[in-house]
Amino acid sequence: MSVNLILKQLATGMITSIEIFTLTLLFSLPLGLLVSFGRMSKNVIIRNLTKLYVSIMRGTPLMLQLLVVYFGPYYLFGVSISSGYRFYAVIIAFVINYAAYFAEIYRAGIESVPIGQYEAAKVLGYSSSQTFFRIILPQVIKRIIPPVTNEVITLIKDTSLAFAIAVSEMFTVAKALASSQRSMVPFVAAGMFYYVFNFLVAASMEYLEKRLDYYR
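Values in this document were obtained by computation on a predicted structure and should not be read as measured data. (Residues numbered from 1 in each chain as written. Predicted model: local features only at pLDDT ≥ 70, side-chain atom pairs only at ≥ 80, totals over all residues. Heavy atoms only, no water.)

Colleague: Looking at this model, I keep getting lost on the side chain of R39. Mind explaining?
Modeller: Examined against the element boundaries, R39 turns out to sit in helix α1 (residues 3-39). Judged by its relative accessible area of 14%, R39 is buried. With residues near it in sequence (within four places) discarded, R39 still touches R47, T50, K51, V54, E104 and R107. (Helix = DSSP H or I, 4+ residues; strand = E, 2+ residues; numbered from the N terminus. Buried < 20%, exposed > 50% of the residue type's maximum accessible area, 1.4 Å probe, protein only. Contact = heavy atoms within 4.5 Å.)

What follows is the structure, encoded as structure tokens:
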């Protein structure tokens, strides 16, 4: 099999990997912010429930969470599992996992802002929502970009875990091609994809961080 043909087959897996990456960020970033609010809530029940959720998500392997989300409906409720559910299971597992990590990053960023800024905003007549979105959040975004970048880079590589429930992303396709062709070319091509993808994401986040330097 020629290199061009191998690359064409890998392209289908590449698209799936990008879809997993994009949808995970799209849903986990806002969900993580909501969870961080729960972690800082004055309500003991909400605070402890979100703390338990974060602890479970961070304390168990993502691959195990994938298997639970995929097989859970059948073993727990007797619901039949269709092959079309695989991709949705991947997205659900990735979102709830990464939301827990993003929640702790958000919480650290929010709690790093001096309490005096809240008091000053209150004196100036800002409401709680205006204080958060106009004063606190811009500073938080600037402060959390480095740890968020690390999580995003990890997410790119973690998309390969989708193979655990037979979702044909980049790594799964590369593994199948390498086995059938008895060649390392698919693995090398997949490695190049992951590296370039990571490089572009890191460069984009670095550019964003520089654009936000005026918040120092």
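Moving on from the model shown.
Colleague: Can you help me understand the side chain of S36 in this one?
Modeller: In this fold, S36 is placed in helix α1. Reaching out from S36, the side chain makes a polar contact with the backbone oxygen of L33 at a distance of 2.5 Å. (Polar contact = N/O pair within 3.5 Å; in protein donor to acceptor, adjacent residues only side chain to side chain.)

Colleague: Would you mind showing me how to read the packing of helix α5 (residues 115-123) against helix α6 (residues 128-158) here?
Modeller: How two helices pack is summed up by the angle between their axes together with the distance between the axes. Close contact between α5 and α6 brings their axes to 11 Å; oriented N to C, the two are set at 155°. Judged by the angle between their axes, α5 and α6 are roughly antiparallel. Note on packing geometry: the crossing formed by α5 with α6 is right-handed. Counting all contacts with α5, which are made through Q117, Y118 and A121, the residues of α6 involved are T131, I135, I136 and Q139. A breakdown of the residues in the contact of α5 with α6 according to their chemical character gives four nonpolar, three polar and no charged. (Axes fitted to C-alpha atoms, helices over the stretch in contact; angles between N-to-C directions. Parallel < 35°, antiparallel > 145°, perpendicular 65-115°, else oblique. Left-handed = near helix turned anticlockwise from the far one by under 90°. Nonpolar A, V, L, I, M, F, W, Y, C, P; charged D, E, K, R; others polar.)

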